[in-house]
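Residues per chain are reported as follows:
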Amino acid sequence: MKHVIALDVGGTGMKAALVGAEGELLHRARRPTGRERGPEAVTAAVLDFAAELRAHGLSAFGEPALAAGVAVPGIVDDARGVAAYSANLGWRDVPLRALLSERLGGVPVALGHDVRTGGLAEGRIGAGRGADRFLFVPLGTGIAGAIGIDGRVEAGAHGFAGEIGHVVVRPGGVDCPCGQRGCLERYASASAVGHAWAAALGDPEADAADCARAVAAGDTRAREVWQAAVDALADGLVTALTLLDPRTLIIGGGLAEAGPTLFDPLHEALRARVTFQKLPEVVPAGLGDNAGCLGAGLLAWDLHAAVRPPADPPSPALPAPGMSAASAVPPVRDTTDSSEVTT
């Protein structure tokens, strides 16, 4: 059975799958990154995990993977296949694509930024399916974005496209590690909300989920903290809408799990700010924490389509250039059984 390797490398753990030609999940697994042992150990763990996946595919399906896709955090040079920098993993200029290709017997390997890769999956097979233009914004520890155009995600000339978290929404405000002051992610990320709520309570253990529950319960202090974050988020998003004019705005990450507690005031704040701009459809992300792994699978199938001989039939998992993803990509079907999934 033809398949590819999909691997999503996070700060503490890795999620992986073998993905069939029609988007079906044939096998899933998880491993720790082992970052406490240093950046070289993390690289070794990624390579070993990928080799395990290749061996499983060969044993279970009678042939090795056709390609591999890997999503990693930090700064990624997609064109050179280099993980340029990741504070969480301690990486600097790791030639991950070349290392993986060598470990996997020379198969082609696609390397992508974790948020852009997750956005690719949300745009093709998740909440943005069928949208020719979308913006995916996950609200987690920080805030990033993925700009979707006709079934692909724009990386930019230098790999920094979509970094909406570093749009300045409060000039002269809180210092940001990026070197600016007043960046969006310092006010509207899950970590920012958690810090603000902890300060309001005087409880260092309080987090954004606690704040969301307090908002739903009618707590006045929580509503003030929450509204300040929503207002900052709306300011940043309106700037993005003005520049990009997406058809669909997909909000994911930890804050999106608050559901109407987030989306109701966010809709109101956006409507209050737009003038000539056309408001997009605003929807919650649909794939959860599987988005990065599923997107890595799509990257791998895209790469296989680009390098295979012309005589091969087109993969049903991929849209042709310029095609609507909705008409070309079937839904992901999970065909694993519980015995195949490791934690």
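My aim in this report is to walk through the structure given alongside it, one point at a time. (Residues numbered from 1 in each chain as written. Predicted model: local features only at pLDDT ≥ 70, side-chain atom pairs only at ≥ 80, totals over all residues. Heavy atoms only, no water.)

1. What about the overall build of the protein chain?
When helices and strands are tallied, the protein chain shows 10 helices and 13 strands. Counting every position in the protein chain, which comprises 343 residues, the buried fraction comes to 50%. Surface summary for the protein chain: the accessible area is close to 15,300 Å², and the carbon and sulfur share equals 54%. (Helix = DSSP H or I, 4+ residues; strand = E, 2+ residues; numbered from the N terminus. Buried < 20%, exposed > 50% of the residue type's maximum accessible area, 1.4 Å probe, protein only. Areas by Shrake-Rupley, 256 points an atom, 1.4 Å probe, with all protein chains shown as cover.)

2. Quick word on unusual backbone geometry
The phi dihedral of aspartate 93 falls on the positive side, at around 50°, and the residue is not glycine. Mapped onto the elements of the fold, aspartate 93 is located in strand E7 (residues 91-94). One non-glycine residue, aspartate 150, lies in positive phi territory at about 50°. Secondary-structure assignment places aspartate 150 in the loop between strand E10 (146-149) and strand E11 (152-154).

3. What to know about the layout of surface pockets
By volume, the largest pocket is sized at about 1,900 Å³. In this structure, the largest pocket is lined by 50 residues; those nearest its centre are Asn88, Asp114, Val115, Thr141 and Gly142. Sorting the residues of the lining of the largest pocket by element identifies strand E1 (3-9), strand E2 (13-20), strand E6 (82-86), helix H3 (114-125), strand E9 (133-138), helix H4 (185-188), helix H5 (190-201) and helix H9 (291-307) as the ones contributing at least two each. With 4 residues, H3 is the single largest residue contributor to the lining of the largest pocket. (1 Å grid on protein atoms, 1.4 Å probe; cavity = no way out; pocket = protein on both sides within 12 Å on 5 of 7 lines; lining within 4 Å. Points joined across faces, edges and corners; volume = space filled by probe spheres on them.)

4. Some thoughts on the pairing of E9
Taking burial as the measure, the 6 residues of E9 include 5 buried ones, the bulk of the element. As defined by bridge partners, E9 adjoins strand E12 (residues 248-252) across 5 bridges and the pair is classed as parallel. Looking at the pairing, valine 137 lines up with isoleucine 251 of E12. (Pairing = 2+ DSSP bridges.)

5. Side note on the sheet that holds strand E8 (residues 109-113)
With respect to topology, 5 strands assemble into an open sheet ordered E3-E2-E1-E4-E8, the strand pairing being mixed. Edge strands, defined here as strands with exactly one partner in the open sheet, are strand E3 (25-32) and E8. This sheet shows a mean twist of 15° between the axes of neighbouring strands, independent of strand direction. The sheet contact formed by strand E4 (residues 68-72) and E8 spans 5 bridges and is parallel. Its bridge partner lying in E8, valine 72 is registered against histidine 113. Of the strands in this sheet, E1, E2 and E3 touch helix H1 (residues 39-61), which is tilted by about 30° from E2. Relative to the sheet, helix H2 (residues 96-103) contacts E4 and E8, its axis offset from that of E8 by approximately 145°. (Axes fitted to C-alpha atoms, helices over the stretch in contact; angles between N-to-C directions. Contact = heavy atoms within 4.5 Å.)

6. A word on the nonpolar core
Core analysis: the largest hydrophobic core is formed by 42 residues, its most contacted members being Val137, Trp226, Leu237 and Ile251. Put simply, the parts of the chain that give this core at least two residues each are E9, H5, helix H6 (208-216), helix H7 (220-244), E12 and helix H8 (260-273). When residues in this core are grouped by element, the largest group, 11 residues, is from H7. In terms of nonpolar packing, the next biggest core, distinct from the first, is built from 31 residues, Leu47, Leu96, Leu104 and Val107 among them. (Core = buried A, V, L, I, M, F, W, Y, C linked by side-chain atoms within 4.5 Å.)

7. Some details on the packing of H1 against H2
To characterise two packed helices, one gives the angle between the axes of the helices and the distance between these axes. Between H1 and H2, whose axes approach to 9 Å, the crossing angle comes to 40°. In this structure, the crossing between H1 and H2 has a hand that is right-handed. Across the interface between the two elements, Thr43, Val46, Leu47, Asp48, Ala50 and Ala51 of H1 pack against Leu96, Leu99, Leu100 and Arg103 of H2. (Left-handed = near helix turned anticlockwise from the far one by under 90°.)

8. Section: the packing of H5 against H7
Closest axis-to-axis distance for the H5/H7 pair is 10 Å, and the angle between their directions is 150°. Relative to H7, H5 is oriented roughly antiparallel. Judged by the twist between their axes, the crossing of H5 over H7 is right-handed. For the pair formed by H5 and H7, the contact residues are Val193, Ala196, Trp197, Ala200 and Leu201 on the first element and Arg221, Ala222, Val225, Trp226 and Ala229 on the second. The class makeup of the residues in the contact of H5 with H7 is 9 nonpolar, no polar and 1 charged. (Parallel < 35°, antiparallel > 145°, perpendicular 65-115°, else oblique. Nonpolar A, V, L, I, M, F, W, Y, C, P; charged D, E, K, R; others polar.)

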